[in-house]
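# A look at the structure
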Amino acid sequence: MADNATDACDVKSMDDIMALCKRRGFIYQASEIYGGVNGFWDYGPLGSQLKKNLRDAWWNDVVMLGCGGKPGPDGKPVRIVPVDTCIIQNPKVWEASGHVGGFNDPMVDCRETKSRYRADHLKCLGEKGDTEGQIYAYIENDDASYASARKKLDRYKKRALSDAEIDTCALTELGNAELAITVGPDAKEVGTLTPPRAFNLMFKTVLGATGDAEIDKAYLRPETAQGIFINFKNVVDTTRVGVPFGIAQTGKAFRNEVTPRNFTFRSREFEQMEIEFFCHPDEAKAWYEFWRDWRMAWWESMGLKGENLILREHDRDELAHYAKEGAGTSDIEYRFPFTAPGYGELEGIADRTNFDLKQHQEHSKKKMEYHDTTRGELLPNGQPKGEWYLPHVIEPSAGLDRGVLAVLCEAFTPDPERPSGVVMKLHPRLSPIKAGVFPLVKKDGMPEVAEKLRAELHQRFGRLGAIEFDEKQSIGKRYARMDEAGCPFCFTIDGDTMTDQTVTVRDRDTLSQERMGLDKVGDFLAEKLGV
Ligand code: ATP
């Protein structure tokens, strides 16, 4: 476990981050007044605006600007069109995609505590060389459960085992797990864990008021991608786009995760931002590398930087069966406080080959091939003959909720010098409150001037986030509130404003306070927000 030991000095406290999220209205537990519901989270006023700003940034940069205007590997503008498809589709979609048959996590139940664990999240701890002997299980990346498993093992052996005697392996590597004596992470008795069993992660529902649970069953989508694949032909036939081009979609996805945990990181309801980019198989490698590098640069532009963000190319044996044929698969990963010093996936970029289109072609019996009139040998009239093929698909698939969580963790900056004790250094583009406007005191005409400035700023920037007017409490407390909310700039109207028409602008990150003309505030903010 030494490898996974976290250095408390470097790592921000997840408890503190969650407490701030609750205190300031970023994220609440879903159904909190009824005791909550495991794996579901609600976003409050600040959180929902932050989430919208991240989604809008993605939509703007990917869809509207086509990779921010960066030309593709063919030197031409990147063409992306959006769709918005249903959460519930014909169940045959999920048979074709492989989710009905294969979207399974091997799971282990604890007979004593009735808890259920993902087998790949459990590690076994046992005596070295003792393949049929005493094996203890604990949750990966969790120092406390490791220590407790170790203690149980010592008790079972009636002596303290040294580090050298202890061996760890993944539960799934045990082969016949029934041979091993396992101890659930929360169990008192030994031998309480069942062997791993497959568990389908899709949520089922029944269509129609009198629907038959088997005949009329349907699924909540576990990913937004399939809604794109099944509309590939529609988009080609009804628009002017031609390969290479992409289809983008944001929306909710649902997975009945076995062990939802780590705040919103692993939830049962979450939002994805997915692109399926269709290209000629010969060009898949170039597009894969283009997307991988551009997506990494995009997350950096959202303020995730330095050692906290990495791009990890998958080893070949890690790949899904279809992806082995493809140009590559990589993950963009963030070092969350609960994964540190390791990383957790934010986005996967994969060459899915023509796997999905082929599957849907076979299952639906509808031709998914694309007729590329720019390819093929030249005819006597000098025109290309055209080529029919199933395009390869490069898929950059990102989690919006994980993105928001990474942005929150990155922004969270303890600062004992400030009255709030912490400042959220959110990228101004993402900040849910773009500016605070405060009258120093509630008299002498200051509230009226402040309200007028707020209204002007609201008119100009309100579509991007809130302009907060606040006249309650001391100015220090108002600044502290804004620091915790991640508001980048505060404008204060004071006695001097009434005579020389200037205001103080306070910069959240540098704490500098400068004076500027009231009439310059709008342009100043526009420049800082990059609009
Ligand atoms: P993991 O290995 O963490 O379960 P995954 O590889 O199954 O993730 P994908 O199917 O590639 O994830 O989904 C694309 C993105 O959707 C992920 O990169 C992640 O950001 C997000 N995502 C997937 N599952 C969840 C979840 N349970 N809660 C929140 N976000 C999720």
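The structure presented is a predicted model; accordingly, all values stated were derived computationally and were not measured. (Residues numbered from 1 in each chain as written. Predicted model: local features only at pLDDT ≥ 70, side-chain atom pairs only at ≥ 80, totals over all residues. Heavy atoms only, no water.)

## Notes on the sheet that holds strand 9 (residues 197-200)
Strand pairing in a sheet is mediated by backbone hydrogen bonds. Such pairs are either parallel or antiparallel. With respect to topology, 3 strands assemble into an open sheet ordered 5-4-9, the strand pairing being antiparallel. Each having just a single partner strand, strand 5 (116-118) and strand 9 make up the two edges of the open sheet. Recorded for the sheet is a direction-independent mean angle of 50° between the axes of neighbouring strands. Sheet analysis places strand 4 (residues 104-109) next to strand 9, joined by 4 bridges and oriented antiparallel. Of the residues in strand 9, the one forming a bridge with Pro106 is Ala198. (Pairing = 2+ DSSP bridges. Helix = DSSP H or I, 4+ residues; strand = E, 2+ residues; numbered from the N terminus. Axes fitted to C-alpha atoms, helices over the stretch in contact; angles between N-to-C directions.)

## Some words on the pattern of salt bridges
Note that side chains of opposite charge can pair when their charged atoms are close. According to the stated counting rule, one finds 32 salt bridges in the structure shown. Residues Arg312 and Glu333 are paired through a salt bridge, measuring 2.9 Å at the closest nitrogen-oxygen approach. Highlighted residues: Arg312 in strand 14 (residues 309-313) and Glu333 in strand 15 (residues 329-334), separated in sequence by 21 residues. Taking relative accessible area as the criterion, Glu333 reaches 8% and is therefore assigned buried. Through salt bridges with shared partners, a single network forms among Lys51, Arg55, Glu271 and Asp401. (Salt bridge = Lys/Arg side-chain N within 4 Å of Asp/Glu carboxyl O. Buried < 20%, exposed > 50% of the residue type's maximum accessible area, 1.4 Å probe, protein only.)

## Some points on the site of the ligand
Around the ligand, a shell composed of 14 residues is seen, among which Arg255, Glu257, Arg266, Ser267 and Glu345 lie nearest. Contact between the ligand and Gln272: an oxygen atom at 3.3 Å from a side-chain N or O atom of the residue. The backbone of Leu346 places a nitrogen or oxygen atom 2.9 Å from an oxygen atom of the ligand. Taken together, the elements giving at least two residues each to the shell around the ligand come down to strand 13 (269-279), strand 16 (344-351) and strand 19 (392-399). Ranked by residues supplied to the shell around the ligand, first place goes to strand 16 with 3 residues. Taken together, the residues of the shell around the ligand sort by class into 3 nonpolar, 5 polar and 6 charged. (Near = heavy atom within 4 Å. Polar contact = N/O pair within 3.5 Å; in protein donor to acceptor, adjacent residues only side chain to side chain. Nonpolar A, V, L, I, M, F, W, Y, C, P; charged D, E, K, R; others polar.)

## Quick look at the sheet that holds strand 12 (residues 245-254)
Taken in spatial order, the 7 strands make up an open sheet running 3-12-13-19-16-15-14, and their pairing is mixed. Only two strands of the sheet have a single partner each, and these edge strands are strand 3 (80-82) and strand 14. Taken pair by pair, the neighbouring strands of this sheet meet at an average axis angle of 20°, ignoring direction. Across 5 bridges, strand 14 lies against strand 15 in antiparallel orientation. In the strand pairing of strand 15, Ile310 is matched with Glu333. Helix-sheet contacts for helix 2 (residues 45-64) involve strand 3, strand 12 and strand 13, and the interaxial angle to strand 13 is about 5°. (Contact = heavy atoms within 4.5 Å.)

## So, unusual backbone geometry
Of note, the bond from Val243 into Pro244 is cis; its omega dihedral lies within 30 degrees of zero at 5°. Mapping Pro244 onto the fold places it in the loop between helix 7 (232-238) and strand 12. Put simply, Ala340 and Pro341 share a cis peptide bond, and its omega is 5°. In this structure, Pro341 sits in the loop between strand 15 and strand 16. In this structure, Lys365 takes a positive phi of about 65° despite not being glycine. As for its placement among the helices and strands, Lys365 is situated in the loop between helix 9 (355-364) and strand 17 (370-372). You can call Lys365 exposed: its relative accessible area is 70%.

## Quick notes on the confidence of the model for the protein
Across the protein, pLDDT averages 89, with 91% of residues at or above 70. In the model, residues 1-9 has pLDDT below 50 throughout and makes 14 contacts with residues more than four positions away in sequence or in other chains. (pLDDT = per-residue confidence, 0-100.)

## Comments concerning the packing of aromatic side chains
The tally for this structure, following the rule as stated, stands at 19 aromatic pairs. Ring geometry for Phe229 versus Phe278: centroids 6.4 Å apart, planes at 90°, classification edge-to-face. Residue Phe229 is located in helix 6 (residues 225-229), and its partner Phe278 is located in strand 13; the two are separated by 49 residues in the primary sequence. By the burial criterion, Phe229 is buried, and Phe278 matches it. Taken together, a centroid distance of 5.5 Å and an interplanar angle of 80° make the contact between Trp287 and Phe290 edge-to-face. Taken together, the residues Trp287 and Phe290, both in helix 8 (residues 284-301) and 3 residues apart, mark about one turn of the helix. Of the two residues, Trp287 and Phe290, neither departs from the other in class, the shared state being buried. Ring pairs connect the aromatic residues Phe277, Trp287, Phe290, Trp291 and Trp294, which therefore count as one cluster. In this structure, Lys367 packs its charged tip against the face of Trp388, placed 4.1 Å from the ring centre. (Phe/Tyr/Trp six-rings, centres within 6.5 Å; stacked < 30°, edge-to-face > 60°. Lys NZ or Arg CZ within 6 Å of the ring centre and 35° of its normal.)

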